[in-house]
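If you want the building blocks of each chain, they are given just below.
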Amino acid sequence: MVVKALIVVDMINMYDHPDAEILRRSVKEVLPNVRRLIERARTEDITVIYANDNFGLWRSHHDELLDMVLSGPHADLVAPIRPEGDSLFVVKARHSIFYETPLEYLLRQRGIDSVLLCGQVTEQCILYSALDAHIRHLDLVVAEDACASIHSDLAAAALQMMERNMQARIVRSTDDALFGSA
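These numbers were taken from a predicted model, which means no experiment stands behind them. (Residues numbered from 1 in each chain as written. Predicted model: local features only at pLDDT ≥ 70, side-chain atom pairs only at ≥ 80, totals over all residues. Heavy atoms only, no water.)

(A) Layout of the sheet that holds strand β6 (residues 169-171). The sheet built from 6 strands is open, its strands ordered β3-β2-β1-β4-β5-β6 with parallel pairing. On the outer flanks of this sheet lie β3 (88-92) and β6, each paired with one strand and no other. Here the average twist between neighbouring strands, direction ignored, is 25°. Across the sheet, helix α1 (residues 20-43) touches β1 (5-9), β2 (47-53), β4 (114-120) and β5 (139-148), and the angle it forms with β5 is around 135°. (Pairing = 2+ DSSP bridges. Helix = DSSP H or I, 4+ residues; strand = E, 2+ residues; numbered from the N terminus. Axes fitted to C-alpha atoms, helices over the stretch in contact; angles between N-to-C directions. Contact = heavy atoms within 4.5 Å.)

(B) Structural context of helix α4 (residues 122-135). Compared with the 20 Å implied by 1.5 Å per residue over 14 residues, the 18 Å span of α4 between its first and last C-alpha is a close match. Within α4, the full set of buried residues consists of Thr122, Glu123, Cys125, Ile126, Leu127, Ser129, Ala130, Asp132 and Ala133. Taken together, the buried residues of α4 touch β1, β3, β4, β5 and α5 (152-166). At the exit of α4 stands His137, carrying a positive phi of roughly 60°. (Expected span 1.5 Å × (residues − 1). Buried < 20%, exposed > 50% of the residue type's maximum accessible area, 1.4 Å probe, protein only.)

(C) Geometry of the pattern of salt bridges. Counted according to the given criterion, the structure contains 10 salt bridges. The residue Arg136 makes a salt bridge to Asp132 at a minimum N-O spacing of 3.9 Å. In this structure Arg136 comes out as buried when scored by relative accessible area, which is 19%. Asp132 gets classed as buried once you look at its relative accessible area, which sits at 16%. Taken together, the salt bridges that share partners define one network made up of Asp10, Asp53 and Lys92. (Salt bridge = Lys/Arg side-chain N within 4 Å of Asp/Glu carboxyl O.)

(D) Summary view of the environment of Leu6. Along the chain, Leu6 turns up in strand β1. Spatially, the C-alpha atoms of Leu6 and Ile38 are 7.4 Å apart, while their sequence positions differ by 32 residues. Setting aside residues up to four positions removed in sequence, Leu6 forms contacts with Leu37, Ile38, Ala41, Ile46, Thr47, Val48, Ile49, Leu116 and Cys118.

(E) Just the packing of aromatic side chains, in detail. Inspection of every chain in the model, using the stated rule, returns 1 aromatic pair. Seen from their ring centres, Tyr50 and Phe89 are 6.5 Å apart, and the 15° between their planes marks the pair as stacked. Here the residue Tyr50 occupies a position in strand β2, and Phe89 occupies one in strand β3, the gap between them amounting to 39 residues. We classify Tyr50 as buried; its relative accessible area is 0%. (Phe/Tyr/Trp six-rings, centres within 6.5 Å; stacked < 30°, edge-to-face > 60°.)

(F) How the structure looks around the side chain of Gln120. Tracing the backbone shows Gln120 in strand β4. Take Gln120: its relative accessible area is 1%, and that puts it in the buried class. One polar contact links the side chain of Gln120 to the main-chain carbonyl oxygen of Asp10, over a distance of 2.9 Å. A polar contact of 2.8 Å, which involves the side chain of Gln120, links it to the side chain of Tyr15. (Polar contact = N/O pair within 3.5 Å; in protein donor to acceptor, adjacent residues only side chain to side chain.)

(G) Main features of the packing of α4 against α5. It is the contact of α4 with α5, at a shortest axis distance of 9 Å, that shows an interaxial angle of 5°. Classed by the angle they form, the pair α4 and α5 counts as roughly parallel. Contacts between α4 and α5 involve Thr122, Glu123, Ile126, Leu127, Ala130, Leu131 and His134 on the former and, on the latter, Leu154, Ala155, Ala158, Leu159, Met161, Met162, Asn165 and Met166. Considered class by class, the residues forming the contact of α4 with α5 number 11 nonpolar, 3 polar and 1 charged. (Parallel < 35°, antiparallel > 145°, perpendicular 65-115°, else oblique. Nonpolar A, V, L, I, M, F, W, Y, C, P; charged D, E, K, R; others polar.)

Have a look at this one:
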C-alpha cells in the first residue's frame, strides 16, 4: 500500500483544556516525527491535509486559527508543523475528521484511497477517524510514533483496535516504504 495523503489531526491547538499538560508532554515527544512525516510528504509530492478543531469559532478560517495559536503560549508546539500554502485544511466539528466535514468529498475528488494519520489524540480523534476511514473503504495507515496521547494505556489499546478491527497498518514514521520510496 502506498500512502496518497497525509492527514495531520488536531495539531493546531491552544492546549487550554483540562488534559492539556499531559497532552503537551506527549506532543513534545512526537512532534519531531510529525514534522518528519510532513516534510517527507511534501518532498515526495504527497497531499498534506490538516484536519482540525475550530475551537468553537465557526466563523473562523484556518489562517485565523493558526494566527491565534501562534500568538499563544504553546506556539512552539505548532510552528514546526504549520501548514504551508499548498496544504489543505479541513475544519472539523467533533472527534472524527470525517464527521460533518468535506474530507470524504475532497479525497474522492483527488482520487485518494489511502491515508496516513498522525496527530492527536490516539485514543480519541485518531481512533474515531480511523474507524470512519475504514467504513469508507480507505486504506489506512497510522504512524504510532507520530500520534500523541493523553492515556498511554488507552492509546495502546486504540492502536491494537485499529490494527485488528479496521485493518490499519500501524507503522513508525521512519518507515521508508510509507510513501512508496523503498
